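Geometric and topological summary
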Amino acid sequence: MWWDERVSARFRRNLQPTLTYWSVFFSFGLCIAFLGPTLLDLRCQTQSSLSQITWVFFSQQFCLLLGSCLGGVFKRTLAQSLFALFASSLAISLVFAIIPLCHNVVVLAVVMAVAGLAMGCIDTISNMQLVKIYQKDSAIFLQALHFFVGFGALLSPLIADPFLSDTNCILSNSTANASSNLPHIRKSLVPHHPGNLSHYDLPMKGMVVTRVSYAFWIMALINLPVPIAVFFLLYKERMVPCFNSSSHPLLSADELAMETQPTEKDDLPTAFALHCFLPGHDDLFSCCQSKNFRGASYTYFAVHITGALVLFMTDGIVGEYSGFIYSYAVEEPLSVVHKVAGYLPSLFWGFITLGRLISIPVSYRMKPATMVFINVVGVLITFLLLLIFSYSVVFLFVGTASLGLFLSSTFPSMLAYTEDILQYKGCATTVLVTGAGIGEMVLQLLVGSVKLAGISPPSTDCRSFPTLLPG
């Protein structure tokens, strides 16, 4: 294997838990990306207006933030963590199965809120558990973890696409113009900013014709092995009631010596990483207790604040760029053809996934601090070039790919670096996950508000949609 034998031995020892956490993050990615493409069909299913249905975005993202804050509550012990992951992954499968049955927009928003809570718990717990297991070797495994969320985010729209309506899915005599531009409306829906297309009139009454239910049932089946995998991990760890007679597999003498052997990079025993409780790794509210601040240096606060701010910006950029790049491209001065502009979000997410795949081997040879520095500088340079070449359609595509590549590994690299500095005893994971969630939500709301402020009143031309004004 391309890594050293010590890391390989630790990976073999923790193979089942590691693969389980990776698969749970695949559920996270599968759930985070389906809502945008399917929102118009869900609008038809619930017979609601565009302004009403886009609140479903907000309910999911807001509860994802709550779940990220509260996820640390369930990791006080390994049993709590695994049961929370089992419940969360099972909830995502149930959400996929229940969505086709939601014919009221309020019910749909509640269901998506449950999905958001599950996703938030998955985000916090999976990151924490991998850091606990691998500690100073966690960077490579965190990169792989975030590759799986990108893979799920790519797969989800591909599953949904064959079942999306090509024409308006509520049959009415007043929808001729809307039907011809339905793909444009679909790509112009901005996540977490309700009402950005509320001026555009689509029928709310009539015969509903949509096949999107099949997409959700397929995703429910694809996700079903994930809670099963978590259940088998619970069974292996003897945490399932009435099935606790199994014993833990023992390490061979060579593996045990290799795993517990100290190295120059390790100043903590590696055996300490195996599913033990680390004080201070708690939920966001416990992290804020005054007892955790006694004797803490300014560096302790600076590391948490800096890490949270970096992820606030970078994860926020991921959310707002993917949500607004299509609208920006189709407006002057670029005026990209709608069908061509539709490839931009896919290109962005594709290079995020590619970057996370490349970062898996790179993170073993390169320090997390170096990777964070390269990522942040790369993002700044890319944005500067996008401003300089703001009239170039070609560079818009090049810059989109470059931005996705540099943003791809920022979160896992920052998490590994911060936990390394704090010796795996701080509240870094919860603080960073929460900061990233707030950034993704706030930046999209902020950019959406600026966008709406610059929109002129809609004309009768069916091409007049609110779009992000350049500059």
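Just so it is clear, the structure is predicted and the values come from calculations on it, not from any experiment.

Where charged atoms from two side chains of opposite charge come close, those side chains can pair. What the rule picks out here adds up to 1 salt bridge. Between R10 and D137 there is a salt bridge, and its shortest N-O distance comes to 3.6 Å. Of the two residues, R10 is situated in helix α1 (residues 5-13) and D137 in the loop between α7 (105-134) and α8 (138-160); the sequence distance between them amounts to 127 residues. The exposure class of R10 is buried, given its relative accessible area of 3%.

Turning to the nonpolar core, a few remarks are in order. Core analysis: the largest hydrophobic core is formed by 77 residues, its most contacted members being F34, F96, I99 and M112. Tallying contributions element by element places α7 first for this core, with 15 residues. When neighbours within four sequence positions are excluded, I99 is seen to be in contact with F34, L42, Q45, L108, V111, M112 and F216. Of all hydrophobic cores here, the second largest spans 20 residues; its members include Y321, A341, F348 and V379.

This brings us to the packing of aromatic side chains. Following the criterion strictly, the structure yields 20 aromatic pairs and no others. Ring centres of F34 and F216 lie 5.3 Å apart, and the angle between their planes is 85 degrees; on these two criteria the pair is classed as edge-to-face. Highlighted residues: F34 in the loop between α2 (15-32) and α3 (35-46) and F216 in helix α11 (residues 212-223), separated in sequence by 182 residues. Classification of F34 by relative accessible area gives buried; the value is 0%. Grouped by ring-pair contacts, the aromatic residues F11, W22, F26, Y134, F141, F147, F148 and F151 constitute a single cluster.

The grouping of L94, I98, L101, Y214, W217, I218 and I222 at the surface amounts to a nonpolar patch, some 650 Å² of accessible area in total. Listed by contribution, the elements that provide at least two residues to the nonpolar patch are α6 (78-98) and α11. Tallying contributions element by element places α11 first for the nonpolar patch, with 4 residues.

Moving on, we come to α6. An ideal rise of 1.5 Å per residue puts 30 Å on 21 residues; α6 measures up with 30 Å between its terminal C-alpha atoms. Taken together, the buried residues of α6 touch α2, α7, α11 and α12 (225-236).

Looking now at the side chain of N375. Position of N375 relative to the elements: it lies in helix α18 (residues 368-388). The class of N375 is buried, set by a relative accessible area of 5%. What N375 contacts, discounting residues up to four positions off in sequence, is F406, S409, T410 and S413.

What counts, and at which threshold
Residues numbered from 1 in each chain as written. Predicted model: local features only at pLDDT ≥ 70, side-chain atom pairs only at ≥ 80, totals over all residues. Heavy atoms only, no water. Salt bridge = Lys/Arg side-chain N within 4 Å of Asp/Glu carboxyl O. Helix = DSSP H or I, 4+ residues; strand = E, 2+ residues; numbered from the N terminus. Buried < 20%, exposed > 50% of the residue type's maximum accessible area, 1.4 Å probe, protein only. Core = buried A, V, L, I, M, F, W, Y, C linked by side-chain atoms within 4.5 Å. Contact = heavy atoms within 4.5 Å. Phe/Tyr/Trp six-rings, centres within 6.5 Å; stacked < 30°, edge-to-face > 60°. Patch = residues over 30% accessible without salt bridge, like charges linked within 9 Å, V, L, I, M, F, W, Y side chains within 5 Å. Areas by Shrake-Rupley, 256 points an atom, 1.4 Å probe, with all protein chains shown as cover. Expected span 1.5 Å × (residues − 1).

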